[in-house]
Amino acid sequence: MAADHHDYGYPMVKDPPSRREDLLVTRFAPAAGPAAEWQVSGAPVPYLDAVEAMEARATAIADGHAPELVWLLEHPPLYTSGTSARAGDLRDARFPVFATGRGGQFTYHGPGQRVVYLMLDLKRRRPDVRAYVASLEQLMIRTLAAFNIRGERREDRVGVWVARPDKGPAHEDKIGAIGVRLKRWVSLHGIAINVEPDLSHFGGIVPCGIQDHGVTSLVDLGLPVTMPDLDVALKAAFERVFGPVAAQGPELRRAAG
């Protein structure tokens, strides 16, 4: 029997295997209510400030006092540890390390990486965590396809991967990461796509606990993609997977109060 992997609160591999690709039966569009707001922060957002604002917004969404939100931002260089992080996977704490309640292990955030925090009400969309993670992968795959990059999911590890035949047979690198937490069925945290981060910064950790694969970015793959370019593709992909978004709302920190 295949081993279970519970980083995201459910088995990633079962016997017989349950393919996340097979979970994409319907979009994660909301059944009712206002469209999600789309917010982009220009300056890097300190991690703890982001978490505080995200928690407050998630509570407001669960209480019916605020619409859903998709928040695009960058962080200063830092590492985060998820609920399944192993101490030995922190090789060099060259940047601040933050424990977080999301699933997963160690990951890096920093300039040149688009972080997307999604505060979505899964109760009125689809209360299925495994299908939600599969939809987040699909969001990244569709976004990368806009730049003719074939992103792929792997059934035994969460995230989005690209084949690197230039590095050798069967070599592949991770380009998109996922970390999910639910609070009263409102999602927190989300995804991170590498646009042009300093890839050497990933060397301080074993990214997501996976030692046998590398990390890449759009620019590392030879594509001169800017952050605004990626944001346009992200928005189009989001609307195909999760439904329409509203005009940009107020800054999250002000909206969260």
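Peer 1: Quick question: what am I supposed to make of the sheet that holds strand 5 (residues 106-109) here?
Peer 2: Sheet strands pair by backbone hydrogen bonding; their relative direction is either parallel or antiparallel. Spatial strand order, 4-3-5: 3 strands in an open sheet with mixed pairing. Since the sheet does not close on itself, it has two edges, and those belong to strand 4 (97-99) and strand 5, each with one partner. The mean angle between the axes of side-by-side strands here comes to 25 degrees, regardless of whether they run parallel or antiparallel. Relative to strand 4, strand 3 (residues 78-81) runs parallel, the two sharing 3 bridges. Directly across from tyrosine 79, in strand 4, lies its bridge partner valine 97.

Peer 1: Even after reading the chapter, I still don't get helix 1 (residues 47-62), so can you show me in this structure?
Peer 2: Because the α-helix completes a turn every 3.6 residues, residues three or four places apart line up on one side. Counted at 1.5 Å a residue, the expected span for helix 1 with its 16 residues is 22 Å, and the 22 Å between its end C-alpha atoms agrees. Among all positions in helix 1, only Tyr47, Ala50, Ala53, Met54, Glu55, Arg57, Ala58, Ala60 and Ile61 are buried. Count one or two residues on from helix 1 and you reach glycine 64, which has phi positive near 80 degrees.

Peer 1: What's the story with helix 4 (residues 227-242) in this structure? I'm lost.
Peer 2: End to end, helix 4 covers 21 Å across 16 residues, agreeing with the expected 22 Å (1.5 Å per residue, within 8%). Against the buried residues of helix 4 lie strand 1 (37-40), strand 2 (69-73), strand 6 (113-119), helix 2 (122-125), helix 3 (129-145) and strand 10 (186-194).

Peer 1: What is the right way to read the packing of helix 3 against helix 4 from this model?
Peer 2: To characterise two packed helices, one gives the angle between the axes of the helices and the distance between these axes. Where helix 3 contacts helix 4, the axes come no closer than 8 Å and their chain directions differ by 140 degrees. Here helix 4 runs oblique to helix 3, going by the angle between their axes. Between helix 3 and helix 4 lies a crossing whose hand is right-handed. Note on element contacts: helix 4 touches helix 3 through Leu230, Ala233, Leu234, Ala237, Phe238, Arg240, Val241 and Phe242, opposite Tyr132, Ser135, Leu136, Gln138, Leu139, Arg142 and Thr143.

Peer 1: Mind showing me how you'd approach the pattern of salt bridges here?
Peer 2: This structure, assessed with the given rule, holds 16 salt bridges. When the shortest N-O distance is used, the salt bridge between glutamate 68 and arginine 124 registers 3.2 Å. Here glutamate 68, found in the loop between helix 1 and strand 2, pairs with arginine 124, found in helix 2; they are 56 residues apart in sequence, far enough to count as distant. Across the pair arginine 153 and glutamate 137 runs a salt bridge, and its minimum N-O distance is 3.0 Å. Of this pair, arginine 153 sits in strand 7 (residues 152-154) while glutamate 137 sits in helix 3, and the two are 16 residues apart along the sequence. Taking the relative accessible area as the measure of exposure, arginine 153 reaches 10% and is therefore buried. What you see here is one network of salt bridges that share partners, running through Arg164, Asp166, Lys167, Asp173 and Asp220.

Definitions and cut-offs
- Residues numbered from 1 in each chain as written.
- Predicted model: local features only at pLDDT ≥ 70, side-chain atom pairs only at ≥ 80, totals over all residues.
- Heavy atoms only, no water.
- Pairing = 2+ DSSP bridges.
- Helix = DSSP H or I, 4+ residues; strand = E, 2+ residues; numbered from the N terminus.
- Axes fitted to C-alpha atoms, helices over the stretch in contact; angles between N-to-C directions.
- Expected span 1.5 Å × (residues − 1).
- Buried < 20%, exposed > 50% of the residue type's maximum accessible area, 1.4 Å probe, protein only.
- Contact = heavy atoms within 4.5 Å.
- Parallel < 35°, antiparallel > 145°, perpendicular 65-115°, else oblique.
- Left-handed = near helix turned anticlockwise from the far one by under 90°.
- Salt bridge = Lys/Arg side-chain N within 4 Å of Asp/Glu carboxyl O.

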